[in-house]
Amino acid sequence: MTTRPGLGRSSVLDRSSRALAALSVVALIWMMGVIFAAVVMRYALNAPILGANEIVEMSSVALVMLALPFATQTEAHVRVDVLDAWIGHYACCLGDLLARGLAVFVLSVLVLRTWQRLWDAYEFEDATNMLDVPYWPFYGLIALGMALNVAVLVAQTVDILRRGPVANE
């Protein structure tokens, strides 16, 4: 895991992404506890937990979307650098800019759509089938995670533009 100084590692972005990552860890621990309890209740006591799958699904949403900005900031996503040696550091820099630009565009559109969906879910009281858990807070988590991820990507783009092409990256 390589981290670079610059706007992409600013204190505000760093603290925000770490806070969301910490909430993601809480969601993971919660989800593991629910899965463990559901398995024990179903197979050991023959008394399944009603709605355990819904709890796991909603916890998964929180887990993934809250961890996304931290993974982006620390560049923990899977990368394949097969062509880097052949195309040179200028093309690699251009590829990094293009990838981040496309990601910013797509995620920005998704943030706006998710925000609209949040208000629809709130207005129409959309909820899960079994437990009647409202959807709107989870749409909020999705929008929050993606919006912070957009901020991280923009900061990384500025860092790349400031730094320019770097050999042996």
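Coordinates for the structure precede this section.
Every value quoted in this text rests on a predicted model; they were computed, and no experiment measured them.

Thresholds applied
Residues numbered from 1 in each chain as written. Predicted model: local features only at pLDDT ≥ 70, side-chain atom pairs only at ≥ 80, totals over all residues. Heavy atoms only, no water. Patch = residues over 30% accessible without salt bridge, like charges linked within 9 Å, V, L, I, M, F, W, Y side chains within 5 Å. Areas by Shrake-Rupley, 256 points an atom, 1.4 Å probe, with all protein chains shown as cover. Salt bridge = Lys/Arg side-chain N within 4 Å of Asp/Glu carboxyl O. Helix = DSSP H or I, 4+ residues; strand = E, 2+ residues; numbered from the N terminus. Buried < 20%, exposed > 50% of the residue type's maximum accessible area, 1.4 Å probe, protein only. Contact = heavy atoms within 4.5 Å. Core = buried A, V, L, I, M, F, W, Y, C linked by side-chain atoms within 4.5 Å. Axes fitted to C-alpha atoms, helices over the stretch in contact; angles between N-to-C directions. Parallel < 35°, antiparallel > 145°, perpendicular 65-115°, else oblique. Left-handed = near helix turned anticlockwise from the far one by under 90°. Nonpolar A, V, L, I, M, F, W, Y, C, P; charged D, E, K, R; others polar.

J.: Just give me the short version of a nonpolar patch on the surface, but keep the residues and values in it.
T.: On the surface, Val78, Val80, Val82, Leu83, Trp86 and Ile87 cluster together into a nonpolar patch covering about 730 Å² of accessible area. Relative to the helices and strands, tryptophan 86 resides in helix α3 (residues 84-123). You can call tryptophan 86 exposed: its relative accessible area is 70%.

J.: I'd like a description of the pattern of salt bridges, backed by residues and values.
T.: Side chains bearing opposite charge may pair, as long as their charged atoms lie close to each other. Scanning the model with the defined rule gives 3 salt bridges in all. As a salt-bridge pair, arginine 100 and glutamate 75 come within 3.9 Å of each other at their nearest N and O atoms. Here glutamate 75 lies in the loop between α2 (52-73) and α3 and arginine 100 lies in helix α3, a separation of 25 residues in the sequence. You'll find arginine 100 and glutamate 75 in the same group, each marked buried. We note a salt bridge from arginine 117 to aspartate 126, for which the minimum N-O separation is 2.9 Å.

J.: Could you give an account of the environment of glycine 145, with specific residues and numbers?
T.: Take glycine 145: it is sitting in helix α4 (residues 136-163). Sequence separation between glycine 145 and methionine 65 is 80 residues, and the spatial gap between their C-alpha atoms is 5.0 Å. Excluding residues that lie within four positions of it along the chain, glycine 145 makes contacts with Leu20, Met65 and Pro69.

J.: Break down the nonpolar core for me, citing the residues and quoting the values.
T.: Nonpolar side chains tend toward joint burial in soluble globular proteins. In terms of nonpolar packing, the biggest core is built from 12 residues, these being Leu13, Leu20, Ala27, Met31, Val34, Val56, Ala62, Leu63, Leu66, Leu148, Val152 and Ala155. Elements that contribute at least two residues to this core include exactly α1 (11-44), α2 and α4. Tallying contributions element by element places α1 first for this core, with 5 residues. With 8 residues, the next largest nonpolar core counts Val104, Val111, Ile142 and Leu153 among its residues.

J.: An account of the packing of α1 against α2 is needed here, citing residue identities and associated values.
T.: It is at 8 Å that the axes of α1 and α2 come closest, and there the two elements cross at 155 degrees. Here α2 runs roughly antiparallel to α1, going by the angle between their axes. The two elements α1 and α2 cross, and the hand of that crossing is left-handed. Looking at the contact of α1 with α2 residue by residue, the class counts come to 20 nonpolar, 5 polar and 2 charged.

J.: Give a detailed account of unusual backbone geometry, specifying residues and quantitative values.
T.: At glutamate 75, a position not held by glycine, the phi torsion is positive, near 55 degrees. A residue is classified by how much of its surface remains accessible, and glutamate 75, at 19% relative accessible area, is buried. A positive phi angle, near 55 degrees, is found at glutamate 125, a position not held by glycine. Topologically, glutamate 125 is positioned in the loop between α3 and α4.

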